[in-house]
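A closer look at the structure
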Amino acid sequence: MTQSISLSPFSTARLDAEPLTPGHADEAFTVLNSTELHRYIGGEPLAHDALTARYERLAAGSPAEISDVWANWLLRVREGGHVVGTVQATISVDEGTAAIAWVVGVDFQRRGFASEAARGLVGWLHAHGVTRLEAFIHPENLGSNGVARALGLERTGVFEDGEEIWRSPGFSAAQ
């Protein structure tokens, strides 16, 4: 795998994942503009201009001095085309590892979208040579803990910034 990894769309049974662009900010703003959503993921909802600027940075990719690849997708329900959230991976090109995350808007939670999207993301990563995964999850975020378990990730008991690190079996941070 190289820094030139090219993001491509992927699909699941109900979702289409599109590489994130600044133009997605309009649709994503209403889905992600919830204080409740940020309860466990930190921060606060971004103002529309700040969300657009963030998407511009993410779509531009990681800076040249960073060897990691930033991979971000917007999640859209195929039937109806509604935006439900995002998935992301920070891919360590040299190590074949990725830190993954998923965000599904409050109005779309408890419908299996996060698990479905995360499985689709993992499939995309595996197809691109990523074999070891980790996720950073607040211990009280029961929904995300369930998604991590469904992906086969395991709790490590190691915490960073209040979030527990979950890793794929056999993953060692020292590898």
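This text goes with the structure placed above it.
Predicted model, so just to flag it, every value in this text is computed and none were measured. (Residues numbered from 1 in each chain as written. Predicted model: local features only at pLDDT ≥ 70, side-chain atom pairs only at ≥ 80, totals over all residues. Heavy atoms only, no water.)

**Examining the nonpolar core**
The biggest cluster of nonpolar side chains holds 48 residues, and the ones touching the most others in it are Ile91, Ile100, Trp102 and Leu125. If we ignore the near neighbours within four places in the chain, the residues touching Trp102 are Thr86, Val87, Ala114, Ala118, Ala135, Ile137, Ser144, Val147, Ala148 and Leu151. (Core = buried A, V, L, I, M, F, W, Y, C linked by side-chain atoms within 4.5 Å. Buried < 20%, exposed > 50% of the residue type's maximum accessible area, 1.4 Å probe, protein only. Contact = heavy atoms within 4.5 Å.)

**Remarks on the packing of aromatic side chains**
Following the criterion strictly, the structure yields two aromatic pairs and no others. Aromatic side chains Trp73 and Trp124 sit 4.9 Å apart centroid to centroid with 70 degrees between the ring planes, which places their arrangement in the edge-to-face category. Residue Trp73 is located in strand 3 (residues 68-77), and its partner Trp124 is located in helix 4 (residues 113-127); the two are separated by 51 residues in the primary sequence. For Trp73, a relative accessible area of 0% translates into the label buried. Grouped by ring-pair contacts, the aromatic residues Phe10, Trp73 and Trp124 constitute a single cluster. (Phe/Tyr/Trp six-rings, centres within 6.5 Å; stacked < 30°, edge-to-face > 60°. Helix = DSSP H or I, 4+ residues; strand = E, 2+ residues; numbered from the N terminus.)

**Comments concerning the sheet that holds strand 1 (residues 10-11)**
Across the sheet, eight strands lie side by side as 1-2-3-4-5-6-8-7; this open sheet has mixed pairing. Both outer strands of the open sheet, strand 1 and strand 7 (154-160), are each paired with one neighbouring strand and no more. Two elements, strand 3 and strand 4 (residues 83-92), share nine bridges in a ladder whose sense is antiparallel. Bridging from a neighbouring strand, Asp68 pairs with Ser92 of strand 4. The strands touched by helix 4 within the sheet are strand 1, strand 2 (15-19), strand 3, strand 4, strand 5 (97-104) and strand 6 (132-137), with strand 5 carrying the most contacts at an inclination of about 155 degrees. (Pairing = 2+ DSSP bridges. Axes fitted to C-alpha atoms, helices over the stretch in contact; angles between N-to-C directions.)

**Comments concerning the pairing of strand 6**
Most of strand 6 is tucked away: five of the six residues are buried. Where strand 5 and strand 6 come together, three bridges link them in parallel fashion. Bridging across to strand 6, Thr97 finds its partner in Arg132. Viewed along the sheet, the connection from strand 5 through helix 4 into strand 6 turns out right-handed. (Right-handed = clockwise from strand over helix to strand, strands pointing away.)

**Points about the packing of helix 1 (residues 25-32) against helix 3 (residues 48-60)**
Contact geometry of helix 1 with helix 3 gives a least axis separation of 10 Å together with a crossing angle of 120 degrees. Classified by the angle between their axes, helix 1 and helix 3 sit oblique to one another. As for how helix 1 packs across helix 3, the hand of that crossing is right-handed. Where helix 1 abuts helix 3, its residues Ala25, Asp26, Ala28, Phe29 and Leu32 lie against His48, Leu51, Thr52 and Tyr55. Considered class by class, the residues forming the contact of helix 1 with helix 3 number six nonpolar, two polar and one charged. (Parallel < 35°, antiparallel > 145°, perpendicular 65-115°, else oblique. Left-handed = near helix turned anticlockwise from the far one by under 90°. Nonpolar A, V, L, I, M, F, W, Y, C, P; charged D, E, K, R; others polar.)

**So, the pattern of salt bridges**
Counting across every chain of the model gives six salt bridges. A salt bridge links Glu116 to Arg14; its shortest N-O distance comes to 2.7 Å. Residue Glu116 is found in helix 4, and its partner Arg14 is found in the loop between strand 1 and strand 2; the two are separated by 102 residues along the sequence. Since its relative accessible area comes to 8%, Glu116 is described here as buried. The partner of Glu134 in a salt bridge is Arg167, with the nearest N and O atoms 2.9 Å apart. Note that Glu134 is positioned in strand 6 and Arg167 in strand 8 (residues 163-167), a separation of 33 residues in sequence. (Salt bridge = Lys/Arg side-chain N within 4 Å of Asp/Glu carboxyl O.)

**Comments concerning the pairing of strand 3**
Counting buried positions along strand 3 yields eight of ten residues, so the element is predominantly enclosed. Where strand 2 and strand 3 come together, five bridges link them in antiparallel fashion. Counted as the bridge partner of Leu15 is Val77 from strand 3.

**Things to note about helix 5 (residues 142-150)**
Every buried residue of helix 5 is accounted for by Ser144, Asn145, Val147 and Ala148. Along the axis of helix 5, the buried residues cluster in a sector spanning 160 degrees; they form a single face. Lining the buried residues of helix 5 we find strand 5, helix 4, strand 6, strand 7 and strand 8. Immediately downstream of helix 5, the backbone of Gly152 shows phi near 85 degrees, a positive value. (Arc of directions from axis to C-beta.)

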